[in-house]
Amino acid sequence: MAQPVPEHISFPAEEEKILALWKEIDAFQTCLRQSKGRPRFSFYDGPPFATGLPHYGHILAGTIKDIVTRHAHQSGFHVERRFGWDCHGLPVEYEIDKTLGIRGPDDVAKMGIDRYNAECRKIVMRYSHEWETGVGRMGRWIDFRNDYKTLYPWFMESIWWVFKELYSKGLVYRGFKVMPFSTGCNTPLSNFESGQNYKDVVDPAVIVSFPLDDEPDVSMVAWTTTPWTLPSNLALCVNPNMTYVQVQEKESGKKYIMMEARLMSLFKSEEEYTVLKKMKGAELKGRAYKPLFPYFAKMKSSGAFRVLTDGYVTEESGTGVVHQAPFFGEDDYRVCLAAGVITKGMDMVCPVDASGKFTDQVSHFKGQYVKDADKPIMKHLKEAGRLVNASTCKHSYPFCWRSDTPLIYKAVPSWFVRVEHMTSQLLANNSQTYWVPDFVKEKRFGNWLRDARDWAVSRNRYWGTPIPLWVSDDLEEVVCVGSIAELQQLTGATVDDLHRETVDGLTIPSRRPGQPPLRRVSEVFDCWFESGSMPYAQAHYPFENRRQFEDSFPADFVAEGIDQTRGWFYTLLVLSTALFGKPPFKNLIANGMVLAADGQKMSKRKKNYPDPMLIADRYGADALRLYLINSPVVRGESLRFKEEGVRDVLKDVFLPWYNAYRFLVQNVHGFEKEVGEKFVYDEANVSPSTNLMDRWIVSFTQSLLLFVKKEMAAYRLYTVVPRLVKFVDNLTNWYVRMNRKRLKGEGGADDCRDALNTLFSVLFSMCRVMAPFTPFLTETMYQNLRHLSSSAEVASVHYLSLPEPRQELIDAVIERSVSRMQATIELGRIIRDRKTMPVKYPLPEVVVIHTDSSVLDELEPLTGYVLDELNVRTVTRTSDKVKYGVQLRAEPNHRTLGARCKGDFKAVMADVKALDDAALQQFLAGGSLTLRGHQLTPDDVHVRYSVGNDGPALSQYEAHSDNDILVLVDTTPDQSMLDEGVAREIINRVQKLRKKASLVPTDEITVYQAVAPAGSALARVAASHQEYIEAALKAPFRPLASRAGRTIIEETADVKGAKLTVALAAGFCADWTAQSAAEATANGDKVQPFCRYVNLELMDAEPANGARSARAALLLENPAGQNQLSVAQLHTEAQLVFGQQRRKVFIYDGPDATQEVAAPAELAGRTLYVYTRPDLRQGAASSPARAAVHTRFVNLQNGVWRATLLLENPHGSFMLDWTALRRRAAQLMALDSPDDVVLSQSEGGAPLAAGGDVAALAGSTLHVRRR
């Protein structure tokens, strides 16, 4: 049988229980075994590095993957989910270099590659346990046992196969290319790696002179932000079509040639120079100049040190003359190569080593790091008279994504994969894929593909998959090896590993007689080549699993962050296109970036974000999952992570959902007890309910199932959660609320059974459809609900298939009718709130006005719910607005109109107020109107409804509308209605007391009451409405003087100017069936804070900084069960509350205690003693087991959420005013503004009047809700 559901729940604790259950039943592997033989849904998991801990980006992507793959499994597919590890590359090597102090290739050579790689191997799985634990804690199901690692020999072998296929197709070549180069990691980076870490930096900006050989007194002047490249200058470049000028600087008399449009880069005004002549850039072509440095002056004879022309020179920056260092710039290389200044076969003019230091060729600056050499170079140029101007320039500059050092552009020999020739094919294959969001595919990724460059796949590193090329010394003979077997055959060696320490020593005999054997090239693969090969390598294709791979390629689904458009997504597409001519995946979700709450990048150093595991431990993984999925980040946008957002998921979704589930189980037990029949839901034989609200919630549920199926098919995860929130609201605040009496059996056993069947079917369907999104909560509910079903025999909700939407149960008319009923009730509630008339007080009439009589007809069967929810005597439906004297009136928005209308403001204001009903109807229909030349929108004019006095007794109505339905409420109750409202006040007090005592509806109690003074109106109503109150309570309501039995709880409260004492006693009194009475004594328990607390007494110092008392209190938690106070925080708070910030305080549990307080949570309710001089401790009374709180307080409540506010602290000090009270309440509820808070003294009651006496609220419970 289903177990009773507790009122309070710790979602994280329940999740831990579910994790234990899954482990016990081996749930994930069981799912995989169950789905064997089904159609395959293939999924690729991009491999992370295990050298760092998982962060929110990993959790987000993992959650997306988990939801989609769980949904696919429950939709009838077999989904293999293997975890992968990226084990090679810079992230690992950089850690080793830092640890061992390795600064370059020479240090590795001294150490030996075998020892270096052994160190790398030790750390590749450093955090694998934390990864497995963290991924599991987030509820993600993925196979860690059958994982893949890029260091496995079989994985590396498939990478060799991929490369050999490319080599065989002529797509591999060796060349020199100017590439982004990391001096911190001593290796070139690919273009997409270089774009991952841009920073704004300030660099030197210099203008340098280049005297012409044929006119030594005239100099070309060039501008650069990289002075360190000037020693390698070989040419200058100008735009052939732009106008250049020869000018003479008036102050110095020097003559310069520069672009006319860039004169302002050197001169501040035209007064500083004289233009001597103008020319096109083409006229400067071929003119020779004097080199800046002597290092490569010999190249002048082969065409260096002259002016070249090219269209890439623009008028947007610099002087219009660009200095050319061809081995340090892509355009420089291209231009100089085309002009014959350099050739492909020549020795590179690249006097910078792998660590970014000048070589011996640059004698003046040898050994200096290039960025550090900028200033010495500028000094040298100044002394040589060649520095014309020096300043600084702030610009965006690329940094190494791993070492965080500035990148340089440097020509390096590298192995390339040809990509540029297949741009059109890449775009065609991309067009066959489906992306969410689509704009990433078309814009960001599409643009990247259109500009695709040949891919440098080699790295001058050690810990990676070696490039399988064996070459002769003259590179005339090249052998590409594609497998371990082939390597063994060619070398005659037995090979069981493919890392450098194993294969570098192996040689292949040359086919040319007398030639030395071929040796392997020294480079390893870029780790992006490895991850791009993952689809094939994880299956050890083509050496194993050939049929399995080919049947499931392309993958059905992949997902990673939007940054992978230039990373993994790109390499996957390039390799699959080159190998198979097809895309690697069919569907892709690219999520945005998760930022800190302030919009900054999350940083461990800045500690600007909460630890993900702490969030999961505090709120539960389900809440974190749903928060992330219901955010802009799943639409490719950025998310500012806020902890309160996770908390809101609990408050707005999980707690209402849980309460509906709890209410079902509670009433199932009540049904079984009252009817004597075991409740079992039998889906196959259950008869459809004829109750309209049952049909509505069933229809709404089927619509939800249909919506989720449609949205998940389109991979739009972000649309599901808002629909779920709306569904939970409809379920709890409408269906359950409106059918409480039916669910409790007040309509008879058959009606109760129908309602329970309906609620069970809805909750059970929710568990199944939401299982991929919230795997823990749905499992928690399922484990109990399955005992109420005749068919739910499987051990986990995740073994069940998703429920198929039943179109025949969807009734659009009913859904529309209920939606209008909800609108009617909401409008009525607004009117009540506006008139400060709580719903518990009955009113005579509500009038519903709509121009379409069919709408009114649809409302007819639902009028009973309107009567109950608005607590009115009658509902009138009519199309006659005129009959009730309802007119539209306009209220101008002073703020917007004042800013817009300026001098016409007063006249426009008068015109707005003068608008008649017809004009306003037209305004509402059209959305705008024009007055005195100003176009006004609904933001400028607020339309209100008013009831005129020209009809009989029409002034008693208040009106409100949503521009579809107009609702009038008669707000003039008679005395009988007022009396019933008072009776409801009494009922409300009793029900709250029941809840406070943790009683459930089936608990048998007797309610005893006493009212003082006895002659008050409250006493009269308590007596006259006894039967009404008993019917509502389902318990006897008796005078306190007749109390008998054990008192459970007692409370006295001010109600309507009188004192109402209510006591709950165990069991029904004798006269509930036969008249009798018994006397008992009062309990007298005092109201306690909802949150645990301790009292503090300052023993040996005077309170300071405005504190007036040595008696105070501290809350050990707030809200209840959250934000527990640590020992350190206890001491800090004690210092603050007594004004002792400059002193250390010592806190003891009693005068004789020898040790300071170590566990404050264990001392809740006690008095603790605070000293500033513990050596002078003396004389304090023994601490009672529980002491009354020292300060005045109020409790706050919103459903099961409970908190406490201290109104003063210390006693008699710093009393809160009304504004501070609301501000503190807003902070506790994580609301942005105190204006968002509504405080009332009863659930759903009228808001408390602003500015009231806060002290008078002491000891009370205030109900707090969002406005």
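Refer to the structure above for everything that follows.
First, a word on scope: everything that follows refers to the structure included in this document.

Criteria and cut-off values
- Residues numbered from 1 in each chain as written.
- Predicted model: local features only at pLDDT ≥ 70, side-chain atom pairs only at ≥ 80, totals over all residues.
- Heavy atoms only, no water.
- Helix = DSSP H or I, 4+ residues; strand = E, 2+ residues; numbered from the N terminus.
- Buried < 20%, exposed > 50% of the residue type's maximum accessible area, 1.4 Å probe, protein only.
- Contact = heavy atoms within 4.5 Å.
- Areas by Shrake-Rupley, 256 points an atom, 1.4 Å probe, with all protein chains shown as cover.
- Pairing = 2+ DSSP bridges.
- Axes fitted to C-alpha atoms, helices over the stretch in contact; angles between N-to-C directions.
- Salt bridge = Lys/Arg side-chain N within 4 Å of Asp/Glu carboxyl O.
- Core = buried A, V, L, I, M, F, W, Y, C linked by side-chain atoms within 4.5 Å.
- Phe/Tyr/Trp six-rings, centres within 6.5 Å; stacked < 30°, edge-to-face > 60°.
- Disulfide = S-S within 2.5 Å.

1. Here we look at the overall build of the chain
- Looking only at helices and strands, the chain features 38 helices and 46 strands.
- Here the chain holds 1267 residues, and the buried ones make up 55% of them.
- A separation threshold of at least 6 residues defines the contact pool for the chain, and within that pool the share at least 24 residues apart is 74%.
- By element, 49% of the accessible surface of the chain is carried by carbon and sulfur atoms, the whole surface being about 54000 Å².

2. Quick look at the sheet that holds strand E13 (residues 387–398)
- Spatially, E10-E8-E9-E6-E5-E13 is the arrangement adopted by the six strands of the open sheet, whose pairing is mixed. Looking at which strands have only one partner, the edges of the open sheet turn out to be strand E10 (273–280) and E13. Sheet twist, expressed as the average angle between the axes of neighbouring strands with direction ignored, equals 25°.
- Pairing of strand E5 (residues 198–211) with strand E6 (residues 218–224) involves six bridges; the strand directions are antiparallel. Residue pairing for E6: Val208 is matched across the bridge by Ala222.

3. Examining the pattern of salt bridges
- In total, this model carries 70 salt bridges according to the counting rule given.
- Of the charged contacts, one joins Asp203 and Lys371 as a salt bridge, the two residues approaching to 3.9 Å between their closest N and O atoms. Of the two residues, Asp203 is situated in strand E5 and Lys371 in the loop between helix H10 (330–339) and helix H11 (374–383); the sequence distance between them amounts to 168 residues. Both residues of the pair, Asp203 and Lys371, count as buried.
- Notably, a salt bridge pairs Arg716 with Glu711, separated by 2.8 Å at the nearest N-O pair.

4. What to know about the nonpolar core
- Membership of the largest hydrophobic core comes to 127 residues, with the highest contact counts inside it found for Phe641, Phe654, Trp657, Leu731, Leu785 and Met821.
- If near-sequence neighbours (up to four positions away) are discounted, Met821 is found in contact with Met693, Trp734, Met738, Leu859, Leu862, Tyr865 and Val866.
- One finds Trp131, Val135, Met156 and Leu487 within the second-largest nonpolar core, a separate group that totals 87 residues.

5. Brief notes about the pairing of strand E46 (residues 1261–1266)
- Relative to E46, strand E43 (residues 1193–1198) runs parallel, the two sharing three bridges. Each bridged residue has a counterpart across the sheet, and for Leu1196 the counterpart in E46 is Leu1262.
- Judged from the four bridges that link them, strand E45 (residues 1237–1240) and E46 form a sheet pairing that is antiparallel. What sits directly across from Val1237, in E46, is Arg1266.

6. Quick look at the packing of aromatic side chains
- Counted by the stated rule, this structure contains 62 aromatic pairs.
- For the ring pair Phe11 and Phe654, a centre distance of 5.7 Å and an interplane angle of 50° mean the geometry is tilted. A residue pair is termed long-range when its members are at least 10 positions apart, and Phe11 in helix H1 (residues 11–25) and Phe654 in helix H22 (residues 643–675) qualify at 643 residues. Phe654 matches Phe11 in its accessibility class, with the two residues each being buried.
- Residues Tyr536 and Phe553 carry aromatic rings whose centres are separated by 5.9 Å and whose planes lie at 55° to one another, so their mutual orientation is tilted. Of this pair, Tyr536 sits in helix H17 (residues 534–537) while Phe553 is found in the loop between helix H18 (546–551) and strand E23 (555–561), placing the two residues 17 residues apart along the sequence. Phe553 carries the same exposure label as Tyr536, and that label is buried.

7. Some words on the state of the cysteines
- Inspection of every chain in the model, using the stated rule, returns zero disulfides.
- Cysteine Cys120 remains unbridged, with the sulfur of Cys87 as its closest cysteine sulfur at 11 Å.
- Judged by its relative accessible area of 0%, Cys120 falls in the buried class.
- No disulfide involves Cys480; its sulfur sits 20 Å from the nearest other cysteine sulfur, which is in Cys527.
- Residue classification places Cys480 among the buried residues on the basis of a relative accessible area of 5%.

8. Notes on the sheet that holds strand E15 (residues 434–436)
- Spatial ordering of the open sheet is given by E15-E24-E23, a layout of three strands whose pairing is parallel. Looking along the sheet, the strands with just one partner apiece sit at the ends: E15 and E23. Direction aside, the axes of adjacent strands within the sheet are offset by 15° on average.
- Bridging between E23 and strand E24 (residues 585–591) involves six bridges; their strand directions are parallel. By the bridge assignment for E24, Val558 is matched with Leu588.
- Against the sheet, helix H13 (residues 438–450) makes contact with E15 and E24, and its axis sits at roughly 105° relative to E15, the strand it touches most.

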